[in-house]
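Summary of the model geometry
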Amino acid sequence: MKMSLSLGRFGTLSIRRKLTLVIALTSSIALLLAATGFVAYELISFREDVAKETATMAEVIGANSTAALTFADQGVAGEVLAALRAERRILMACTYDARGRVFARYLRDTDGPFAFPAEPRLPGHFFNPGSLEIFRPIVLDRKTIGTIYMRVSMKDLPARLRRYSAIVGMLLVASSL
């Protein structure tokens, strides 16, 4: 019994052409895998960078809110939160008092169906589809007097991924030439 392996058109090529195709295919796959790794790293580092920046902003806003919370001055607390309008990614923020009630609020756009969490969660950051939420304690003299909450837009992420994908595509085309 004779077995026949059909390679189609590839089987009729010269060894030189076969080697060239195999090397080109291998190189393209290696480039694609490396580029995928870089894009994945960028995605992860972008998310971490946004979380760190937001945590730093929350610390600053929290430190500036201690007097307002201590003296129950909601007007001043609102003014402190209003400083967040300088950062376009901040969608909403609020401070909670020591009992976990919303004390002051900030909304970038009042058109959307935004709702502040009824009570603060444990400190940390939480990624949701399209946004990041962060909760940080507001501390004065080693005593927690409140909590700051921020919701940050992550809508820049898909545009970044498209841009990186376009760059990867151009590099693959250029390298294959």
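The structure we're discussing is the one just above.
Scope of this entry: the structure provided in the associated data block. (Residues numbered from 1 in each chain as written. Predicted model: local features only at pLDDT ≥ 70, side-chain atom pairs only at ≥ 80, totals over all residues. Heavy atoms only, no water.)

A separate point is the pairing of strand β2 (residues 102–107). Pairing of strand β1 (residues 90–97) with β2, which is carried by 5 bridges, proceeds in the antiparallel orientation. Directly across from alanine 93, in β2, lies its bridge partner tyrosine 106. Here β1 folds back onto β2 in antiparallel fashion, the turn holding 4 residues, of which glycine 100 has a positive phi close to 85°. (Pairing = 2+ DSSP bridges. Helix = DSSP H or I, 4+ residues; strand = E, 2+ residues; numbered from the N terminus.)

Take the packing of aromatic side chains next. Applying the stated criterion across every chain yields a total of 3 aromatic pairs. Measuring from centroid to centroid gives 6.2 Å for phenylalanine 126 and phenylalanine 135, while their planes differ by 65°, and the two rings are edge-to-face. The exposure class of phenylalanine 126 is partly exposed, given its relative accessible area of 22%. With relative accessibility at 0%, the residue phenylalanine 135 sits in the buried group. Aromatic pair phenylalanine 135 and tyrosine 149: ring centres 4.8 Å apart, planes at 40°, arrangement tilted. Remark: tyrosine 149 occurs in strand β5 (residues 143–153) and phenylalanine 135 occurs in strand β4 (residues 131–140); sequence separation between them is 14 residues. Among the aromatic residues, those joined into a cluster by ring pairs are Phe116, Phe126, Phe135 and Tyr149. (Phe/Tyr/Trp six-rings, centres within 6.5 Å; stacked < 30°, edge-to-face > 60°. Buried < 20%, exposed > 50% of the residue type's maximum accessible area, 1.4 Å probe, protein only.)

This part takes up the environment of valine 39. Looking at where valine 39 falls in the secondary structure, it is placed in helix α1 (residues 15–64). With relative accessibility at 18%, the residue valine 39 sits in the buried group. Taking the C-alpha atoms as reference points, valine 39 and valine 168, separated by 129 residues in sequence, lie 8.8 Å from one another. Those residues in contact with valine 39 that lie beyond four places of it in its chain are Leu161, Tyr164 and Val168. (Contact = heavy atoms within 4.5 Å.)

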